[in-house]
Amino acid sequence: MNKQELASKIWETANELRGSMEASEYKDYILGFIFYKYLSEQEINFLLRKGYEEEDIKELTEDDEADVKLVSDILGYFIEPKNLFQNWIDKGTDFTVDDVRVALSSFNRNINPNHTKVFKGVFNTLEQGLSNLGDTTTSQTKAIRQLVNLADEVPTSNGNYDTLGYIYEYLISQFAAGAGKKAGEFYTPHEVSVVMAEIIANHLKDNETIEVYDPTSGSGSLLLNIGQAVSKYIGDHDRIKYYAQEKIYSTYNLTRMNLVMHKVIPENMVVRNGDTLERDFPFFEDSDPEGTYKPVFVDAVTSNPPYSQRWDNSGKEHDPRFAYGLAPKSKADYAFLLHSLYHLKQDGIMTIVLPHGVLFRGGEEGVIRENLVKGYNIDTIIGLPPNIFFGTGIPTIIMVLKKRRENSDILFIDASKGFEKQGNKNALRSRDIRKIVDTVIERKEIDKYSRIVTLEELDENA
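Here we summarise the structure given alongside this text. (Residues numbered from 1 in each chain as written. Predicted model: local features only at pLDDT ≥ 70, side-chain atom pairs only at ≥ 80, totals over all residues. Heavy atoms only, no water.)

### Here we look at the environment of K417
Stage number 1. With respect to the secondary-structure elements, K417 resides in the loop between β8 (410–414) and β9 (420–422).
Stage number 2. Side chain to side chain, K417 and D414 meet in a polar contact 3.4 Å long. (Helix = DSSP H or I, 4+ residues; strand = E, 2+ residues; numbered from the N terminus. Polar contact = N/O pair within 3.5 Å; in protein donor to acceptor, adjacent residues only side chain to side chain.)

### Some details on the side chain of K37
Stage number 1. Of note, K37 is situated in helix α2 (residues 23–49).
Stage number 2. Of the buried charged residues, K37 lacks a salt bridge, with E41 as the closest side chain of opposite charge at 4.1 Å.
Stage number 3. In this structure, K37 is in contact with F85, A151, D152, E153, V154 and T156, ignoring residues within four places of it in sequence. (Buried < 20%, exposed > 50% of the residue type's maximum accessible area, 1.4 Å probe, protein only. Lys, Arg positive; Asp, Glu negative; His and termini not counted. Salt bridge = Lys/Arg side-chain N within 4 Å of Asp/Glu carboxyl O. Contact = heavy atoms within 4.5 Å.)

### Overview of helix α17 (residues 364–374)
Because an α-helix packs 3.6 residues into every turn, residues spaced three or four apart end up facing the same way.
Stage number 1. Those residues of α17 lying buried are E365, G366, I368, R369, L372 and V373. The buried residues of α17 occupy an angular sector of 160° when projected down its axis, which confines them to one face.
Stage number 2. Contacts made by the buried residues of α17 are with α16 (333–342), β6 (378–383), β7 (396–402), β8 and α19 (455–460).
Stage number 3. Y376 sits one or two positions beyond α17 and adopts a positive phi of about 60°. (Arc of directions from axis to C-beta.)

### Points about the pairing of β6
Stage number 1. Judged by how many residues are buried, β6 sits mostly within the fold: six of six residues are covered.
Stage number 2. Strand direction decides the pairing type here: β6 and β7, joined by five bridges, are antiparallel. When the bridges of β7 are listed, G383 appears paired with I397.
Stage number 3. Alignment of β6 against β8, held across four bridges, turns out to be parallel. Of the residues in β8, the one forming a bridge with I382 is I413. (Pairing = 2+ DSSP bridges.)

### Here we look at the packing of helix α12 (residues 190–204) against helix α18 (residues 430–442)
Stage number 1. Interaxial distance between α12 and α18 falls to 10 Å at its minimum, and their mutual angle equals 25°. Taken as axis vectors, α12 and α18 run roughly parallel relative to one another. Handedness of the crossing formed by α12 with α18: right-handed. Along its contact with α12, which presents E191, V194, V195, E198, I199 and N202, the element α18 presents I433, I436, V437, V440 and I441.
Stage number 2. Here the residues of the contact of α12 with α18 are counted per class, giving eight nonpolar, one polar and two charged. (Axes fitted to C-alpha atoms, helices over the stretch in contact; angles between N-to-C directions. Parallel < 35°, antiparallel > 145°, perpendicular 65-115°, else oblique. Left-handed = near helix turned anticlockwise from the far one by under 90°. Nonpolar A, V, L, I, M, F, W, Y, C, P; charged D, E, K, R; others polar.)

### Re the packing of aromatic side chains
Stage number 1. One pass over the structure, following the stated rule, counts 17 aromatic pairs.
Stage number 2. Between Y249 and Y252 the ring centres are 5.6 Å apart and the planes differ by 45°, which places this aromatic pair in the tilted class. Here Y249 and its partner Y252 are both found in helix α14 (residues 249–261), three residues apart, which amounts to about one turn of the helix.
Stage number 3. According to the relative accessible area criterion, Y252 is buried, its value standing at 9%.
Stage number 4. Site record: aromatic cluster; members linked through ring pairs are F33, F35, Y36, Y38, Y77, F85, W88, F95, F107, F119 and F123.
Stage number 5. Cation over ring: R272 sits above F281, and NZ or CZ is 6.0 Å from the ring centre.
Stage number 6. For the cation-ring pair, K435 lies above Y449, with the distance from its terminal atom to the ring centre recorded as 4.0 Å. (Phe/Tyr/Trp six-rings, centres within 6.5 Å; stacked < 30°, edge-to-face > 60°. Lys NZ or Arg CZ within 6 Å of the ring centre and 35° of its normal.)

Don't take any of this as a statement about function, it's just geometry.
Pasting the structure below:
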C-alpha cells in the first residue's frame, strides 16, 4: 500500500467513525492498533525462527513459563497467542471490544522487567480510550472492528516511508481544526527533517558511536531521520543511542512505538514523559534517582519545539541551561534553544526550527542572541519557504549551532524561494534539500542565496 492509498483508506474510515470519537483522538487509536499488530507479528516470526510449529504456537499460554521467558527475554514482552492481533481478525464477528481489554491487560502483565521503560504504559492511551468509542459494548465493538480492520491493511514495515510518522503527519494535517490551530507545529514535515538530519550526519560521520537527543520528540521522526542519515556513514545502526522527552503523554507513547518499530534496541532508547523546560533531562534510574543521577551530554540535538509558547521562567536565574539569559515568559523559543545547546558535548552540533522572529526581537531575546553570537555558537541560519508547517503560515528558520567553533562568522541561507506547491501547502523538493545541505557543508556563498557574515559586520549592523 503506497502513501496515497494509505491516506485515502485512513480518511475513509475516519469519516465513518466521525460520530464515535473526537477527531484528534482518532490518530491515537489507529496508531496504537498498528503498533499492537507489529508486536504480534514480531512474536510470531520470532517463535517460527526458534522452530515452533504454527499449531504449537496456538497452544501457548501465560502459564508456560519457559516459553514466556524465551520470548520476553529477547522481545521484551509476551503476547498470549489467543490475544495476538491476527487472532482478532480470525475471530470475525465474534471479536468484541472485550477482547482488546483482555489482551492489553495481559500484555501489561507480561512485560519483561528489564524492558519496562520501553513498553510500560505504551498502550495506556488506547486502553483508557476504549470506553469513548460508544455508549454501549455493541457500539464500541463496531468502532473497534473498523479500526482493527484498517490496521490490518496498513504495512508495519515499509522501506519507502516511516509508517507511523506519515500517519501522524497526515492526520494532524486533516484534523488541524479539531486538534487546535497549533497542532501542526508539533510535526516536522519530512523534507525539513531530512535537511536537519543530513547536516547533523555530515558533522558526525567520523564518530564510532553517536548519541542524539530531541527535547520535544513528537512522533520521534526527527530522531529516526538522523539515525537513517548517520547509518550511511557508520554502518551499524546499533551504535546510535536515542534520548527523547515529550510533554504530551499520548505523543510520548508514540515516540516509543516509532523507535521500537524502527528496530532500535531497548538499551539505545531513553524516552521520558515530561515538560522539558520545567524538568531537565538528566539520566537516572527511577528506583534510585539520586544515586544514579548524571547530566546528559550528547553528540547532536534536534528539535522543532512549539513556537513562541508561554513558559514559567521564575526561579530559573541560576539554572545552568540558561547561562546566556532567560527567555521572556511570553516566548519560550530561546529557552528551548539554550536547553538544547546546554546538552551538547563540546564537539556537538544542534539543529532547531524556530519562528523567524527570534532573529530580530529585542529585550532579553536580544541579549541572548548577542551572547550566542559572541560565544561563536551560531553556525548557520536557514530561512525556509513560507507555509510549509501544518497549522501555521508564519516564516520559519532552521538554526544550526555548535558548542565550540573555531570561526566566528555566520552563514546565512535564503532558501525561501525553493519549493513546490502541494495542495494548499509548500514543500521542499529533493533538489532544494540537496542545495541547502551542500551549501551548509561546503560553507559556500551563492549569489542571492547564501552569504557568510563576519562578526565585525554583525556588530556594525546591530
